[in-house]
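The chain contents come next:
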Amino acid sequence: MRESLNVRDHLGRQIFMPVKLGGFLLPNEPTITINSKKNIIETALAGSTRRGTVKELISIGDWEITIRGIALNTNSTKVYPEDMVHRLNYTYGRNEAIEIESALTNLLGIYRVVIKSVNFPEMTGIQHAQAYEFQCVSDEDFDLVIE
């Protein structure tokens, strides 16, 4: 089994498929969803008996990545996980492309992302937990050649 599929958190608990975002190990085995779309121009042919459209592949779009998890205060069921929420918000506040490390993103060749949005949904009746969701898009370096 590959090392990147299993790590231990700061409490020694094993985490399957860990996700690091900007060097921060996201808490409690977050889930990750990855999507991409092709940029295609579809053109209908007027007066043609041909059904459908002519497709012209322009490029493959960025990867869209959703990371969902729950920050927990493992020491008390009555204390909100302020430190973790602060760290998650700090990570969101970085206005730059940041490194992402996970077995799935590495397999797909995604090593940097830009965080587009963060969501901290309500957690009615739960004092020691806060759900979070990051919406990210992949980012790659490119070379600009001026001739």
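Before reading on, note that the structure itself is shown above.
Below: a short report on this structure. Worth saying up front: this structure is predicted, and the values here are computed from it rather than measured. (Residues numbered from 1 in each chain as written. Predicted model: local features only at pLDDT ≥ 70, side-chain atom pairs only at ≥ 80, totals over all residues. Heavy atoms only, no water.)

### A short note on the pairing of strand 8 (residues 112–119)
Then step 1. Relative to strand 8, strand 7 (residues 98–101) runs antiparallel, the two being bridged by two bridges. Within the sheet, the bridge partner assigned to E99 lies in strand 8 and is R112.
Then step 2. Summarising the sheet, strand 8 and strand 9 (residues 129–138) pair through six bridges and their orientation is antiparallel. Directly across from V118, in strand 9, lies its bridge partner F134. (Pairing = 2+ DSSP bridges. Helix = DSSP H or I, 4+ residues; strand = E, 2+ residues; numbered from the N terminus.)

### Let's talk about the environment of I100
Then step 1. Tracing the backbone shows I100 in strand 7.
Then step 2. The exposure class assigned to I100 is buried, which follows from its relative accessible area of 1%.
Then step 3. In this structure, the C-alpha to C-alpha distance between I100 and F24, residues 76 residues apart in sequence, is 9.2 Å.
Then step 4. Once you skip the residues sitting within four places of it in the chain, I100 turns out to touch V19, K20, L21, I32, I67, T105, N106, I110, Y111, R112 and V113. (Buried < 20%, exposed > 50% of the residue type's maximum accessible area, 1.4 Å probe, protein only. Contact = heavy atoms within 4.5 Å.)

### A short note on unusual backbone geometry
Then step 1. The phi torsion at N28 lies on the positive side, around 60°, for a residue other than glycine.
Then step 2. Looking at the secondary structure, you find N28 in the loop between strand 4 (24–25) and strand 5 (31–44).
Then step 3. The residue E29 is not glycine, and still its phi comes out positive at about 45°.
Then step 4. Within the secondary structure layout, E29 lies in the loop between strand 4 and strand 5.

### Quick word on the pattern of salt bridges
Then step 1. The full count for this structure, using the stated rule, is three salt bridges.
Then step 2. Residue R68 pairs with E133 through a salt bridge whose shortest N-O separation is 2.6 Å. Taken together, the positions of R68 in strand 6 (residues 53–72) and E133 in strand 9 put the pair 65 residues apart, joining distant regions of the chain.
Then step 3. Given a relative accessible area of 39%, R68 falls into the partly exposed group.
Then step 4. As a salt-bridge pair, E96 and R94 come within 2.9 Å of each other at their nearest N and O atoms.
Then step 5. Take E96: its relative accessible area is 42%, and that puts it in the partly exposed class. (Salt bridge = Lys/Arg side-chain N within 4 Å of Asp/Glu carboxyl O.)

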